[in-house]
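Spelled out from the first residue to the last, the chains are:
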Amino acid sequence: MRRRIRSAAFPIHRHALPQVALDAGLVALAYYLAYRLRFDGGIPPTYHDLFARTIAFAIVAPVVAFTILGSYRHSARSAAHVEYPKIAEGSLLGMLGLVGYVTVVQPKLVSAPSGFVSVGVPAGVLVMWGLMMAFFVAGTRFVVYVFNEGAWRPFAPTRGARPVVIVGAGEGG
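Residues numbered from 1 in each chain as written. Predicted model: local features only at pLDDT ≥ 70, side-chain atom pairs only at ≥ 80, totals over all residues. Heavy atoms only, no water.

A. Representation of the overall build of the protein chain within the structure. Of regular secondary structure, the protein chain possesses four helices and two strands. When the helices and strands of the protein chain are placed in sequence order, the string is α-α-α-β-β-α. Counting across all 173 residues of the protein chain, residues that qualify as buried make up 32%. Of the contacts made within the protein chain by residues no fewer than 6 positions apart, 75% connect residues no fewer than 24 positions apart. Total accessible area on the protein chain stands at roughly 11,500 Å², and carbon and sulfur atoms take up 65% of it. (Helix = DSSP H or I, 4+ residues; strand = E, 2+ residues; numbered from the N terminus. Buried < 20%, exposed > 50% of the residue type's maximum accessible area, 1.4 Å probe, protein only. Contact = heavy atoms within 4.5 Å. Areas by Shrake-Rupley, 256 points an atom, 1.4 Å probe, with all protein chains shown as cover.)

B. Examining the pattern of salt bridges more closely. Scanning all chains against the criterion turns up four salt bridges. A salt bridge links Asp23 to Arg141; the shortest N-O distance between them is 3.2 Å. Placement of Asp23 in helix H1 (residues 17–38) and of Arg141 in helix H4 (residues 123–149) is noted, with a sequence separation of 118 residues between them. Given the relative accessible area of 0%, Asp23 is considered buried. Owing to a relative accessible area of 3%, Arg141 belongs among the buried residues under this scheme. Residue Arg53 is joined to Asp49 by a salt bridge in which the shortest nitrogen-to-oxygen separation is 3.2 Å. (Salt bridge = Lys/Arg side-chain N within 4 Å of Asp/Glu carboxyl O.)

C. Region of interest: a nonpolar patch on the surface. A surface patch of nonpolar side chains, about 280 Å² in accessible area, is lined by Val60, Val64 and Ile68. As for its position among the elements, Val64 is in helix H2 (residues 45–68). You can call Val64 partly exposed: its relative accessible area is 42%. (Patch = residues over 30% accessible without salt bridge, like charges linked within 9 Å, V, L, I, M, F, W, Y side chains within 5 Å.)

D. Layout of H2. In a regular helix each residue adds 1.5 Å, so 24 residues correspond to 34 Å; H2 covers 35 Å between its end C-alpha atoms and thus fits that length. Of all the bends found along H2, the most pronounced is centred on Thr54 and spans about 50°. All buried positions along H2 are accounted for by Leu50, Phe51, Thr54, Ala58, Ala61, Pro62, Val63, Ala65, Phe66 and Thr67. Contacts from the buried residues of H2 go to H1, helix H3 (83–105) and H4. Positive phi shows up at Gly70, right after H2, with a value of about 90°. (Expected span 1.5 Å × (residues − 1). Bend = angle between axes of the 7 residues up to and from the residue.)

E. The pairing of strand E1 (residues 109–112), seen in detail. Bridge analysis of E1 against strand E2 (residues 115–118) gives four bridges, and the strand direction is antiparallel. Looking at the pairing, Ala112 lines up with Gly115 of E2. Here E1 hands over to E2 after two residues, the two strands then running antiparallel side by side. (Pairing = 2+ DSSP bridges.)

Spatial relationships are all this shows, so hold off on functional conclusions.
Following this line, the structure appears as structure tokens:
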């Protein structure tokens, strides 16, 4: 029997690649919706420019965090409830990564009387983004789990099945 060697260089299972793409899209959607919900009447030009300059990193940071935490080491079909703490941790790491990126790189500067000042991501956007990101990613895992386990359809015996009584436990049964 040939034994497969698990590569440490590529920690993403080949069947999990569509899940990576779906998670990246959901993270981007959550980031966009967080800005839209925070600025109800429309995003101000300064923050719209900050959004445009940080969207790529806002997608990459959580996906890298999910990868490091091992969320993509298996197919989404075999994901279970043990994934939810990883998703929460990955969402938090992604948020912290974005805050660090904006703090260090300072993608948007505005002029002030004292010089140029960096524009930071609003706290409301960060909180909403983190919660929506975790909800969307965990929701997709839950939907796949329910669909594959068949929990969405009630138990019904097949046509022509006979009722059976099992007496005993273990090997005796």
